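Overview (structure and organization)
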Amino acid sequence: VPSNSPVGAQFPFSGIDDRENWPIVFYNRTCQCQGNFMGYNCGECRFGYTGPNCTVRRNMIRKEIFRMTTAEKDKLIAYLNLAKRTPSPDYVIATGTYEQMNNGSNPMFADMNVYDLFVWLHYYASRDAFLEDGSVWANIDFAHEAPGFLPWHRFFLLLWEREIQKVTGDDNFT
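Below, the structure is looked at part by part. Nothing here was measured: the structure is a model prediction, and the numbers come from that model.

What follows concerns the packing of helix α2 (residues 70–85) against helix α4 (residues 149–168). Closest axis-to-axis distance for the α2/α4 pair is 10 Å, and the angle between their directions is 85 degrees. The orientation of α2 with respect to α4, classified from their angle, is roughly perpendicular. Contacts between α2 and α4 involve Leu76, Tyr79, Leu80, Leu82 and Ala83 from the former and Trp160, Ile164, Val167 and Thr168 from the latter. Residues that form the contact of α2 with α4 fall into these classes: eight nonpolar, one polar and no charged.

Counting through the fold element by element, Glu161 comes out in helix α4. Since its relative accessible area comes to 5%, Glu161 is described here as buried. The contact partners of Glu161, leaving out residues within four places of it in the chain, are Arg62, Phe173 and Thr174.

A separate point is the state of the cysteines. Per the counting criterion, the structure on display carries two disulfides. At a sulfur-sulfur separation of 2.1 Å, the disulfide partner of Cys33 is Cys42. Around the S-S axis, the bridge from Cys33 to Cys42 shows a dihedral of about -85 degrees and counts as left-handed. Taking the relative accessible area as the measure of exposure, Cys33 reaches 25% and is therefore partly exposed. Across the disulfide from Cys45 sits Cys54; the S-S distance is 2.1 Å. In this structure the cystine formed by Cys45 and Cys54 twists about its S-S bond by roughly -85 degrees; its chirality is therefore left-handed. Each disulfide in the protein links cysteines that, numbered along the sequence, combine into the pattern 1-2, 3-4.

Further remarks concern the pattern of salt bridges. Following the criterion strictly, the structure yields seven salt bridges and no others. Of the charged contacts in the structure, one is a salt bridge between Lys166 and Glu44, with a shortest N-O distance of 2.7 Å. Here the residue Lys166 occupies a position in helix α4, and Glu44 occupies one in strand β2 (residues 44–45), the gap between them amounting to 122 residues. Between Asp90 and Lys166 there is a salt bridge, with its nearest N and O atoms 3.2 Å apart. Here Asp90 is found in strand β5 (residues 87–94), whereas its partner Lys166 is found in helix α4, with 76 residues between them in sequence. By relative accessible area, Asp90 is classed as partly exposed at 26%. Put simply, Glu44, Asp90, Arg162, Glu163 and Lys166 are held in one network by salt bridges that share partners.

This next bit is on the environment of Glu64. Counting through the fold element by element, Glu64 comes out in the loop between β4 (56–57) and α2. We classify Glu64 as partly exposed; its relative accessible area is 40%. A distance of 2.9 Å separates a polar atom in the side chain of Glu64 from the backbone nitrogen of Phe66.

Procedures and definitions
- Residues numbered from 1 in each chain as written.
- Predicted model: local features only at pLDDT ≥ 70, side-chain atom pairs only at ≥ 80, totals over all residues.
- Heavy atoms only, no water.
- Axes fitted to C-alpha atoms, helices over the stretch in contact; angles between N-to-C directions.
- Helix = DSSP H or I, 4+ residues; strand = E, 2+ residues; numbered from the N terminus.
- Parallel < 35°, antiparallel > 145°, perpendicular 65-115°, else oblique.
- Contact = heavy atoms within 4.5 Å.
- Nonpolar A, V, L, I, M, F, W, Y, C, P; charged D, E, K, R; others polar.
- Buried < 20%, exposed > 50% of the residue type's maximum accessible area, 1.4 Å probe, protein only.
- Disulfide = S-S within 2.5 Å.
- Salt bridge = Lys/Arg side-chain N within 4 Å of Asp/Glu carboxyl O.
- Polar contact = N/O pair within 3.5 Å; in protein donor to acceptor, adjacent residues only side chain to side chain.

This is the structure:
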């Protein structure tokens, strides 16, 4: 449940930029999954669960990168390169604004690879904010300079690992 506490004066929110109330604004626009299901269509198990009904608890251990063997590092690089060459089966990127798309009646989207999906997600969360008067607030980064820093990056990493697991077929990748 998000806090209803007022934000500080350092955040002159105007209701224009959808990241002002991140991440609740995003979650309130998506489907509401039941049980241990998640994903854009509620067709995947929540992080930490597996099995046909997503009821089997699964603990994954993420190894500290400086303790990885050469073979493990080589596998990581190979997986990243594969993600750069693999189109995302689930996501596309908008190539125009909502206005340019005539309020959505003229869709403008392009395919993207799995790696670039995460480049775009990180860019979107940290890009400049648009203000009500049409100006741009260039001195804010909602992904790094806001209360959502830790949970946003935790979710980002878990989602990235999940997409790499799907691309590679390696369910043990962390």
